[in-house]
Amino acid sequence: MKNKKGTIIGNIFKVLYYIVISFVCLIVAFLIFNIVSSQINAKNEKYRPKLSIYTIVSPSMTPVINVYDVVFNVHPSSENDIKVGDIITYISKASNSEGMTIIHRVIEVSELPDGTKEYLTQGDNNSEPDPLYVTYDQVLGKELFIIPYVGRVQFLIANQKGWLILIMIPII
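Positions within a chain are numbered from 1, following the residues in the order the chain's sequence is written. Local features in this predicted model are restricted to residues whose pLDDT is 70 or higher, and side-chain atom pairs enter the listing and the counts only when it is 80 or higher, whereas totals over whole chains, interfaces and linings include all residues. Just so you know, side-chain values use all the structure's heavy atoms and leave hydrogens and water out.

## Structural notes on the pattern of salt bridges
Pairs may arise between side chains of opposite charge once their charged atoms sit close together. The rule for a salt bridge is simple: a side-chain nitrogen of Lys or Arg has to be within 4 Å of a carboxyl oxygen of Asp or Glu. In this structure the tally under the stated criterion is two salt bridges. The closest approach of N and O atoms between Lys142 and Asp86, which form a salt bridge, is 3.2 Å. Linking Lys142 in strand 7 (residues 139-147) with Asp86 in the loop between strand 2 (70-74) and strand 3 (87-91), this pair joins segments that are 56 residues apart in sequence. For Arg105, the salt bridge is made with Asp124, and the minimal N-O distance between the two is 2.8 Å. Only DSSP runs of H or I reaching four residues or more are called helices, and only runs of E reaching two or more are called strands; each is numbered from the N terminus.

Next comes the structure, spelled out in structure tokens:
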């Protein structure tokens, strides 16, 4: 009886182990794909992937999004898909962060006389809104979901010692 119980528990742990390993491999594959496609399209300013991921390197969205969390984004199909409260990723045009990728929450949506919309954003951990409104053409994506701490894997992939570790783990 005890031996049968041990076998069942062992099998459950085996299944959980394979699920976790599969999930990690899937995330690593997507991280690699995202890095490669970003490098290929780096000079194309109009490139907007339908699905993208970003690793957080700033505490501006704490406690909702922390440093090393990974944010999965989907590109909104129109400017009407972005609402107050959404977390968006965009390319900044502000003088102190021009060209940087920013992930902040939309706190206001305004409509211009020509009918286009612009968004005022702010980091949840920032005391003031961002200095400039964001337009739809700056938006890279809208937050789909967040995976905590997975960004550490991306930083591991980015250096040579990390590659060695990632190769050795499956071998072991």
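That was the structure; now back to the text.
## Some thoughts on a nonpolar patch on the surface
A cluster of nonpolar side chains, namely Ile8, Ile9, Ile12, Phe13, Val15, Leu16 and Ile19, defines an oily patch on the protein surface of about 680 Å² accessible area. Within the secondary structure layout, Phe13 lies in helix 1 (residues 2-40). For patch building, the residue pool is restricted to those with more than 30% relative accessible area and no salt bridge; the joining distance is 9 Å between like charges and 5 Å between nonpolar side chains (Val, Leu, Ile, Met, Phe, Trp, Tyr). Computed by Shrake-Rupley with a 1.4 Å probe, the accessible areas treat only the displayed protein chains as cover when residues are assessed.

## Describing unusual backbone geometry
Each neighbour pair has its own omega, and for Thr62 with Pro63 the value is 10°, a cis peptide bond. Mapping Pro63 onto the fold places it in the loop between strand 1 (51-55) and strand 2.

## A short note on the side chain of Glu118
Along the chain, the position of Glu118 falls in strand 5 (residues 117-122). We call a residue buried when its accessible area falls under 20% of the maximum for its residue type, exposed when it is over 50%, and partly exposed in between, using a 1.4 Å probe and counting protein chains only. Under the counting rule used here, the positive set is Lys and Arg, the negative set is Asp and Glu, and His together with the chain ends is not counted. Buried charged residue Glu118 carries no salt bridge. Nearest counter-charge: Lys93, at 10 Å.

## Thoughts on the sheet that holds strand 6 (residues 134-135)
In spatial order, the strands read 1-2-7-3-4-5-6; together these seven strands make up an open sheet with antiparallel pairing. Two strands in the sheet have a free side with no partner beyond their single neighbour: strand 1 and strand 6. Two strands are counted as paired when DSSP detects at least two bridges linking them.

## Regarding the environment of Val109
By the element assignment, Val109 lies in strand 4 (residues 101-111). In the structure, Val109 is positioned 24 residues away from Tyr133 in sequence and 9.1 Å away in space, judged by C-alpha atoms. Contact criterion: two residues are considered in contact whenever any of their non-hydrogen atoms come within 4.5 Å of each other. If we skip the residues at most four places from it in the chain, Val109 touches Ile82, Lys83, Val84, Lys117, Glu118 and Tyr119.

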